[in-house]
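# Structural characterization, general
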Amino acid sequence: MAVRFGPAGHGGLRRCRLNGKRCILHSDLNNFYASVECLRRPEFWNKPLAVCGSFEDRHGVVLAKNMPAKQMGVKTGEVFWQAKQKCPELVSVPADFPAYIKVSRAVRAIYERFTDRIEPFGIDECWLDVTESRFLFGDAREIAECIRAAVKREIGVTVSVGVSWNKIFAKLASDLKKPDAVTVIDEQNYRNVVWRLPVSNLLYVGKATAKRLLQLGIGTIGDLARADEAMLTANLGKWGKVLHTYANGEDASEVLPGDRPHVVKSVGNSLTCYRDLTSPEEVHTLLLLLSESVSARLTEKGLGRAETVKISVTDNAFRVYGKQGKPRVPVSSAKGIADCAFALFTSLYSWRAPVRALGVSVCDFTVAEQLDLFGNDRQEEKSAKADAAVLRLREKYGSGIVQRAAVFQDARLKNIDIKGTHLIRPASPDAPDEE
Ligand SMILES: [Mg+2]
């Protein structure tokens, strides 16, 4: 059944000119967590509201805010009491991830009316390849408008949709106009629209890369597009060439449907703790919890073992440190990952300040058997088997049924179900570490 959605109300828009190229949409739910909260508590639509991490002691970090809060200067990532200073009426509600996942699925069902080529990027963003859908539903802009209107009408939250011929520009377009908007970047306008923006607007260009580029005299995406590729490669390696491609709209990466197995580059997880950590023992406990969630994900996805472990550490002055290393043998067990993560932490962190957040991720997956002369491998296999048994118990009886002894040092850590509440994003292709 092909339903023709009328382009009511935007008949005057010019058609987007993708000239036979792919039609990629990037749809981003606006202020997602806060919008879902306002949906169930309509009295908050016009009052400033912040969704906070559910660690009451420090009133949580602001994970999302609604429009009124945004207008008062409330920012994602800041601590609630700081936000409250700027905006005294600010109300905090704890994050309810199961509710957000439910709404996210309902929105996805709308996307599925238009295409089956949908790649989720976190809980609130998706790319859609609608190249083939045009023949049924109109051009890419019309499809984007239909999606925008349907999400608003049927779910009650809003999306910003970016339209372009590649994933990078589509993502960038969805950031340009918010909320409840459609933005097209096509071959006619991309030099005017994209090239004047700072390089940091490009997906995967973090602070470290932006700083490096600025040292090379590259401040805007246009500077990057016009820069000499050999110079970029000389300074940024392989990544320099990739970025040059992005800036010129030549990203050819496909929209990879999320329900089809695709190459996972890395699996990781991070957590801001409800209080600052001040001792190696506490850090060890949290690394163990994070490693458990990473290990469980590896098992679920059948990714085999990882040859590289990475950690990130954020101190309470928001300085971020990172390090990666290779365990003696490839690891998949929680203990194997945590041991390596803790060794990295010990060599990296000098305790200039207490620790506020930690992240653990693994990459370089292998299924090949390794020759190991020192029995490390047997130890790793044992740990992995124990993990698998624990995972089965938890699946059956809930995540609280088996806990590591270390976790009992702090009763509240017991109740964190990291895997249930934190989503794992696909890693950026070959992106260098942001430190
Ligand atoms: Mg969003």
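Look above for the structure.
Read on for a plain summary of the structure. (Residues numbered from 1 in each chain as written. Predicted model: local features only at pLDDT ≥ 70, side-chain atom pairs only at ≥ 80, totals over all residues. Heavy atoms only, no water.)

### Here's the deal with the overall build of the protein chain
Broken down by element type, the protein chain carries 16 helices and 12 strands. Counting only residues that meet the buried cut, the protein chain has 50% of its 435 residues in that class. Restricting to contacts in the protein chain with at least 6 residues of sequence separation, those with at least 24 account for 67%. (Helix = DSSP H or I, 4+ residues; strand = E, 2+ residues; numbered from the N terminus. Buried < 20%, exposed > 50% of the residue type's maximum accessible area, 1.4 Å probe, protein only. Contact = heavy atoms within 4.5 Å.)

### Some details on the pattern of salt bridges
Close approach of charged atoms allows side chains of opposite charge to pair. The full count for this structure, using the stated rule, is 20 salt bridges. The shortest N-O distance in the salt bridge between Asp364 and Lys326 comes to 3.5 Å. In this pair, Asp364 is assigned in strand β12 (residues 355–366) and Lys326 in the loop between β11 (320–325) and α14 (334–348), connecting sequence segments 38 residues apart. Between Asp339 and Lys335 there is a salt bridge whose closest N-O contact spans 2.8 Å. Linking Asp339 with Lys335, this pair stays in helix α14, spanning 4 residues, or about one helical turn. A relative accessible area of 39% means that Lys335 is categorised as partly exposed. (Salt bridge = Lys/Arg side-chain N within 4 Å of Asp/Glu carboxyl O.)

### Here we look at the coordination of the magnesium ion
Taken together, Asp28 (OD), Leu29 (O) and Asp124 (OD) make up the protein donors of the magnesium ion, found 2.1 to 2.4 Å from the metal. When the donor residues of the magnesium ion are listed from N- to C-terminus, their spacing reads D-L-x94-D. Of this pair, Asp28 sits in strand β1 (residues 24–29) while Asp124 sits in the loop between β5 (118–120) and β6 (125–129), and the two are 96 residues apart along the sequence. Here Asp28 matches Asp124 in class, with each residue buried. (Donors = N, O, S within 2.8 Å, 3.2 Å for Na, K, Ca; no water.)

### Some words on the packing of aromatic side chains
Counting across every chain of the model gives 16 aromatic pairs. Ring centres 5.5 Å apart and planes at 80 degrees place the aromatic pair Tyr321 and Tyr349 in the edge-to-face group. Of this pair, Tyr321 sits in strand β11 while Tyr349 sits in the loop between α14 and β12, and the two are 28 residues apart along the sequence. Ring centres 5.7 Å apart and planes at 75 degrees place the aromatic pair Phe345 and Trp351 in the edge-to-face group. The class for Trp351 is partly exposed, based on a relative accessible area of 29%. (Phe/Tyr/Trp six-rings, centres within 6.5 Å; stacked < 30°, edge-to-face > 60°.)

### Describing the environment of Leu224
Along the polypeptide, Leu224 turns up in helix α10 (residues 221–226). Exposure remark for Leu224: the relative accessible area of 0% places this residue in the buried category. A C-alpha to C-alpha distance of 9.6 Å links Leu224 and Pro198, two positions 26 residues apart in sequence. Excluding residues within four positions of it along the chain, Leu224 makes contact with Val199, Leu202, Leu213, Ile218, Leu232, Leu243, His244 and Ala247.

### A short note on the sheet that holds strand β3 (residues 62–65)
If you trace the 3 strands from one edge of the open sheet to the other, you get β3-β2-β4, paired in mixed fashion. Since the sheet does not close on itself, it has two edges, and those belong to β3 and β4 (91–94), each with one partner. With direction set aside, neighbouring strand axes in the sheet form an average angle of 35 degrees. Direction of pairing for strand β2 (residues 49–52) relative to β4: parallel, over a ladder of 4 bridges. Following the sheet pairing, Ala50 is matched in β4 by Ser92. The strands touched by helix α1 (residues 32–40) are β2, β3 and β4; relative to β2, the strand with the most contacts, the crossing angle is about 115 degrees. (Pairing = 2+ DSSP bridges. Axes fitted to C-alpha atoms, helices over the stretch in contact; angles between N-to-C directions.)

### What about the sheet that holds β1?
A sheet is described by the order of its strands in space; here 5 strands give the open sequence β5-β6-β1-β7-β8, paired in mixed fashion. On the outer flanks of this sheet lie β5 and β8 (181–184), each paired with one strand and no other. The average angle at which neighbouring strand axes cross in this sheet is 20 degrees, direction not considered. Across the sheet, helix α4 (residues 97–111) lies against β1, β5, β6 and β7 (159–164), angled at about 160 degrees from β5, the strand it touches most.

### Points about α4
Between the first and last C-alpha of α4 there are 21 Å, a value that for 15 residues agrees with the 21 Å anticipated at 1.5 Å per step. All of the buried residues along α4 are Phe97, Ala99, Tyr100, Val103, Ser104, Val107, Arg108, Ile110 and Tyr111. (Expected span 1.5 Å × (residues − 1).)

### Concerning the nonpolar core
Leu25, Val51, Tyr100, Val151, Leu202 and Leu224 are the most contacted members of the largest nonpolar core, which totals 76 residues. Among the elements that take part in this core, helix α6 (residues 140–155) stands out by supplying 8 residues, more than any other. If you count residues domain by domain, this core takes at least three from each of domain 1 (18–190) and domain 2 (195–247). With sequence-adjacent residues up to four places away left out, Val51 is seen in contact with Tyr33, Ala34, Glu37, Val61, Val62, Leu63, Ala64, Val93, Pro94, Ala95 and Tyr100. (Core = buried A, V, L, I, M, F, W, Y, C linked by side-chain atoms within 4.5 Å. Domains from an automatic or database assignment.)

### Re helix α7 (residues 167–176)
Most of α7 sits inside the fold, with 8 of its 10 residues counted as buried. Buried within α7 we find Lys167, Ile168, Phe169, Ala170, Lys171, Leu172, Ala173 and Ser174. The N-cap residue of α7 is Asn166: its side-chain oxygen and the backbone nitrogen of Ile168 are 3.2 Å apart. (Polar contact = N/O pair within 3.5 Å; in protein donor to acceptor, adjacent residues only side chain to side chain.)

### Topic: the environment of Leu176
With respect to the secondary-structure elements, Leu176 resides in helix α7. Sequence-wise, Leu176 and Asn201 are 25 residues apart; in three dimensions their C-alpha atoms are separated by 9.7 Å. Filtering out sequence-adjacent residues up to four positions away, Leu176 remains in contact with Thr183, Ile185, Val193 and Leu197.

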